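Coordinate inspection notes
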Amino acid sequence: MKIYRLFNEGSRVNQFICAFLVNVPVFAYGASIGWMSPMTLLLQSDKSPRGTPLTDLEVSTMAAVAYLVCIPGDFMMALLGDWIGRKKTLMLISASCVATWVTLLFSTEVWALVLARAFVGIAMAGAYVTCPIYTKEISDDSIRGALGCLIVVSHTTGNLFLYIIGDILKYRTILWICLFIPTCHLVLFMMMPETPSYLVKKGRTEEAVRVMAWLRCKKVTDSSLTTELQSLQNEQKNDEGANKFLLKAIFKDRTLSRAFRLAMVVTLAREVCGAVPVMNFAGEIFAIASKENGLIFSPNQQAMMLGAVQVAGSALASIIVERAGRKFILFTTSLISGISMCVLASWFLAKVYELYLPNWLPIITLCLCIFCDASGLAPMSIVITGEIFSFKYRGTVMAATMATASLADFIQLLIFKPLVNSIGIHAAFYFFGFFCIFMSIYVIFYVPETKARCLEEIYDDLNKNKRKTKVQNSA
């Protein structure tokens, strides 16, 4: 009887089902990212399944190629989403995940390992371009934030899943399990609908109404569906006169350019908060902190611990985002992350001058940084970017911001070690800390609340913020 009530008129259960299946490719992508942690140790050991251990250069190439492929992949996914539809593009993400694991099962040669990671780059692009767009376009305003946060939940859960099975299962067994997940998604997602926004854009109005009726668990004749359809048609009618070169059109329009600048800032905040180098530097931090505490973590245990922190943070974001709002969460996590980074930097500086600070401090601050990234900086940047643009611009903007994020990650991974060796790790972490604190101030003055609001209301806020700034400067 309770199960029947889930599908009562007006229920949102179909949106949750759809959102869950949308995020299966993100889980599969997260697993492919997590695969590098335990498998790098194995592939560089004497017990390597390929016979000879990989060199550091070969491992670095494997790690970096996904980010390089992701940069053009972001724009490719945005174009495909507009040309062939969100649904087919989502299935392409799973197909690229399938290609990853088939390639690794087929060969352990270096070319195969690098090619497999290149396929991961395509999945990475789709996971953070197409999946947020699909989720936004099938969701009610009242739950779109919670469903949007599932992307980060799925990513971090995929990471943790691979950390765990990577520690207990054999090499080829892991590959077969990982191949099974996207293969199942390809079959199951065939039953899911295309998004109403895309169907309206293509003139398939009747089909769009049927899809909305299924998603909202309402009858096709329900008056609220007519209102929603008119809203979609008006949104797309406003975009009809826009320039075909979408980025050019965005920069020509004052409101759109402000929204684009906001999207780029929140995206870069996610990447420059220090989480990426912290994850890569975790081993050394744990090693230093373990000297006097007797806390001995293996590399896989470190990965599992941080993975669990990420999952907890992303799950919390999904639960509270519709209550607390995007702005409050982004401000709070930016501030806490900034303070944590500064404390971590001070700990390293104190070590240089042989001053005493407790050895558990870097572990706490490291976990806080990862938690803030997963609970606020990462999910809120995705949710906000998806909410501040109409159908026409959404794909292009998501692609541009994700390409910038991928480039920022690639540069950080490339220069972090040499930079640390030349100026000291404390200077790098102070930079991350001050950047996060600056971001928290930026959020207060320039980021509008987007929770359960339409584009017109959000754009009114953006323009009000600009007018307030001009008045303050003139005063």
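A quick note: this is a predicted structure, and the numbers were derived from the prediction, not measured.

1. Looking at the packing of helix α3 (residues 24–34) against helix α4 (residues 36–43)
In a packed pair of helices, the relevant descriptors are the angle between the two axes and the axis-to-axis distance. Contact geometry of α3 with α4 gives a least axis separation of 6 Å together with a crossing angle of 35°. Of the residues in α4, those in contact with S32, I33 and G34 of α3 are M36, S37 and P38. Broken down by class, the residue content of the contact of α3 with α4 amounts to three nonpolar, three polar and no charged.

2. Comments concerning the packing of aromatic side chains
Under the definition given, this model contains 15 aromatic pairs. Ring centres of F27 and F161 lie 5.4 Å apart, and the angle between their planes is 45°; on these two criteria the pair is classed as tilted. Residue F27 is located in helix α3, and its partner F161 is located in helix α8 (residues 144–168); the two are separated by 134 residues in the primary sequence. In this structure F27 comes out as buried when scored by relative accessible area, which is 18%. On the numbers, 5.2 Å between centres and 85° between planes, the contact of W347 with F348 is edge-to-face. For the pair shown, W347 and F348 are each scored as buried.

3. Brief notes about unusual backbone geometry
Backbone phi values are negative for most residues with the exception of glycine, while trans is the configuration of most peptide bonds. Not every positive phi belongs to a glycine, and E354 is a case in point at roughly 55°. Turning to its location among the elements, E354 is positioned in the loop between α17 (326–352) and α18 (361–387). Residue A452 is not a glycine yet carries a positive backbone phi of 55°. With respect to the element layout, A452 can be found in the loop between α20 (425–446) and α21 (455–474).

4. Considerations on the packing of helix α5 (residues 56–83) against helix α7 (residues 110–138)
The contact between α5 and α7 brings their axes to 6 Å, and the two run at 40°. Considering their axes alone, α5 and α7 lie oblique with respect to each other. Of the two elements, α5 crosses α7, and the hand of that crossing is right-handed.

5. Some remarks on α7
Every α-helix winds through 3.6 residues per turn, so residues three or four apart in the chain are directed the same way. Compared with the 42 Å implied by 1.5 Å per residue over 29 residues, the 41 Å span of α7 between its first and last C-alpha is a close match. The largest bend along α7 measures about 35° and falls at A127. Of all 29 residues in α7, 23 are buried; the element is thus mostly enclosed.

About the cut-offs
- Residues numbered from 1 in each chain as written.
- Predicted model: local features only at pLDDT ≥ 70, side-chain atom pairs only at ≥ 80, totals over all residues.
- Heavy atoms only, no water.
- Axes fitted to C-alpha atoms, helices over the stretch in contact; angles between N-to-C directions.
- Helix = DSSP H or I, 4+ residues; strand = E, 2+ residues; numbered from the N terminus.
- Contact = heavy atoms within 4.5 Å.
- Nonpolar A, V, L, I, M, F, W, Y, C, P; charged D, E, K, R; others polar.
- Phe/Tyr/Trp six-rings, centres within 6.5 Å; stacked < 30°, edge-to-face > 60°.
- Buried < 20%, exposed > 50% of the residue type's maximum accessible area, 1.4 Å probe, protein only.
- Parallel < 35°, antiparallel > 145°, perpendicular 65-115°, else oblique.
- Left-handed = near helix turned anticlockwise from the far one by under 90°.
- Expected span 1.5 Å × (residues − 1).
- Bend = angle between axes of the 7 residues up to and from the residue.

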